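Here is how the chains run, residue by residue.
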Amino acid sequence: MSTATIAKPQAKQPGKGGRRMSLPVLLLVIAGVLVLTSAVRLITGAEGITSTGQMSTALRLAVPIGLAGLGGLWAERAGVVNIGLEGMMILGTWFGAWAGYQWGPWVGVVFGILGGALGALLHAVATVTFNVNHIVSGVALNILALGATRYLSKFTFENAAGGSSKQSPPIDSLGTFSVPGLSGWLDTLNQKHWFFVSDIAGLVGGLLTDLSPLTVVAVALVPITWWVLWRTAFGLRLRSCGENPVAAESLGVNVYKYKYIAVIISGGFAGLGGAFLSIVASNVYLDGQTAGRGYIGLAAMIFGNWMPGGLALGAGLFGYTDSLNLRGGTVNVHALILLLAILLVFGAAYLAWKKKYVPAVITIVISVLMFVWYASTNDVPRQLVTATPYIVTLLVLSLSAQSLRMPKADGLPYRKGQGK
């Protein structure tokens, strides 16, 4: 079988939004946003928006979102829509906590992965074998996982010391570490509050301070996923199932097998994200702990255009906005209103350059309203801070929708031999 032959159908399909942004351009855009953020910090005095603590918290909150997004990426690259990520995360939190408080946190991590994979197996049976609508199956799995974990908690955690029907006993910590020397030096540099330099120090320092070993594993899974899916024959065959399963079958690919593998791996990632929440983020299982992170992970995957790098950026963005809840939220969100207003000005200029005059006018009007909002207030309501991650999710998806390209056969029904 020629793997190059399988790749041809995908290679001929350009993204709907034109050419993909090159790495140098992407780095230039990120650098520009960092410069603007640094300028906003100086103008507003909101030092927390680029502090080491803010970035460290953002990374910790981004990890479960990123893992859920990676899970969605694996499933959808094989052609299976996985809206059941939330349910798989719920199973991961429960199984991780159940095993973790009894046999230790690392055993809990393994059981969290297995719990998510179990939910994924149910989703795979429904969608791949029985051809159930992917959305219906995913929603049903979410409801089933929520009900099952609440039922099981009454017979396990409620009778354990330190537990209740909605909470597990405490779980031992995996521990944290910081990079010796470099972490402290970057934090000191961040405290200088110099333009741009201190902001970069805060960003990098947050990635090197108070790290859990599981955080390192999660971050490493992003390049590993890219390598497996885009640099191996296995990944090429898997992606061919999401692009053109009929053509893949004609070349000898067992489409059912690859879909099952992808969905189960997807559930394992989501379960790992759930285990991270119950073992690392809070060292205890709580009812409703995922708080919609599975859905936000799916949004991060879409924002990243079904690519690991873009997904990681999306997870970082959502993790950062989520962290505003914990660290000076009202002041920091008020400063970010000014940053958003400035970014909208650049967006309007870009749209005008593309001769999209009506969207450009609408964008500049919104930007002016944001400037007025910022100038007429000193902070924002606490309720807005709580809703910020979800607002950002909707905004990002609405603004990036026209440049996205999902796998061609994603969510489409498939039966073995249907191309004959």
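The protein has the name ABC transporter permease in an unreviewed UniProt entry, where Streptomyces sp. 900105755 is given as its organism. Per its UniProt entry, the protein bears the Subcellular location (unreviewed entry) comment "Cell membrane".

Visitor: Let's hear about the overall build of the protein: which residues, and what values?
Guide: A count of helical and extended segments in the protein gives 17 helices and zero strands. Whereas a compact globule of 420 residues would reach a radius of gyration of roughly 22 Å, the protein reaches 22 Å, a difference of no more than 12%. When the backbone C-alpha atoms are referred to their principal axes, the protein occupies close to 65 × 65 × 40 Å. Within the protein, the fraction of its 420 residues that count as buried is 48%. Approximately 19400 Å² of the protein is accessible, and the part contributed by carbon and sulfur atoms is 69%. The positive charge centre, built from 28 side chains, and the negative charge centre, built from 14, are 16 Å apart in the protein.

Visitor: A description of the confidence of the model for the protein should follow, citing residues and the corresponding values.
Guide: In regions of low pLDDT, the predicted coordinates are not meant to be interpreted in detail. When pLDDT is averaged across the protein, the result is 88; 93% of the residues are at 70 or more. Predicted confidence for residues 1-18 stays below pLDDT 50, and this span has 26 contacts to residues more than four positions away or in other chains.

Visitor: An account of the side chain of Thr 156 is requested, with residue identities and associated values reported.
Guide: Among the secondary structure elements, Thr 156 is positioned in the loop between helix H6 (134-155) and helix H7 (182-191). Within the local environment of Thr 156, its side chain forms a polar contact with the backbone oxygen of Leu 152, the two atoms lying 2.8 Å apart. When residues no more than four places from it in sequence are discounted, the contact partners of Thr 156 are Trp 94, Trp 98 and Tyr 101.

Visitor: Residue-level account of H6, with values.
Guide: Taking 1.5 Å per residue, 22 residues should reach 32 Å; H6 reaches 32 Å between its end C-alpha atoms and fits that length. Among the structural elements, helix H4 (85-103), helix H5 (105-129) and helix H13 (293-303) are those in contact with the buried residues of H6.

Visitor: Account for the environment of Asn 190, with residues named and values stated.
Guide: With respect to the helices, strands and loops of the structure, Asn 190 is situated in helix H7. In this structure the C-alpha to C-alpha distance between Asn 190 and Val 204, which are 14 residues apart in sequence, comes to 9.8 Å. Here the side chain of Asn 190 touches Ser 198 through a polar contact of 2.8 Å, landing on its backbone oxygen.

Visitor: Pulling in residues and values, what's your account of unusual backbone geometry?
Guide: Positive phi, close to 65°, is recorded for Phe 196, a residue that is not glycine. The residue Phe 196 is located in the loop between H7 and helix H8 (197-206) in this model.

Visitor: Give a description of a nonpolar patch on the surface that names residues and reports values.
Guide: Together, Val 345, Val 361, Ile 364, Val 365, Val 368, Leu 369, Phe 371 and Val 372 give the surface a local cluster of nonpolar side chains, amounting to about 640 Å² of exposed area. Top contributing element to the nonpolar patch by residue count: helix H16 (residues 357-376), with seven residues. Summarising the element assignment, Leu 369 is placed in helix H16. When its relative accessible area of 55% is taken as the criterion, Leu 369 is described as exposed.

Visitor: A description of the environment of Pro 64 should follow, citing residues and the corresponding values.
Guide: Along the chain, the position of Pro 64 falls in helix H3 (residues 52-77). Overall, Pro 64 belongs to the buried group, its relative accessible area being 1%. When the C-alpha positions of Pro 64 and Ile 296 are compared, they lie 9.8 Å apart, and in sequence the two are 232 residues distant. If we ignore the near neighbours within four places in the chain, the residues touching Pro 64 are Met 89, Gly 273, Phe 276, Leu 277 and Arg 293.

About the thresholds
Residues numbered from 1 in each chain as written. Predicted model: local features only at pLDDT ≥ 70, side-chain atom pairs only at ≥ 80, totals over all residues. Heavy atoms only, no water. UniProt positions renumbered as here; feature names shortened; annotations may be inferred. Helix = DSSP H or I, 4+ residues; strand = E, 2+ residues; numbered from the N terminus. Rg over C-alpha atoms; globule rule 2.2 N^0.38 Å. Buried < 20%, exposed > 50% of the residue type's maximum accessible area, 1.4 Å probe, protein only. Areas by Shrake-Rupley, 256 points an atom, 1.4 Å probe, with all protein chains shown as cover. Lys, Arg positive; Asp, Glu negative; His and termini not counted. Charge placed at Lys NZ, Arg CZ, Asp CG, Glu CD. pLDDT = per-residue confidence, 0-100. Contact = heavy atoms within 4.5 Å. Polar contact = N/O pair within 3.5 Å; in protein donor to acceptor, adjacent residues only side chain to side chain. Expected span 1.5 Å × (residues − 1). Patch = residues over 30% accessible without salt bridge, like charges linked within 9 Å, V, L, I, M, F, W, Y side chains within 5 Å. Salt bridge = Lys/Arg side-chain N within 4 Å of Asp/Glu carboxyl O.

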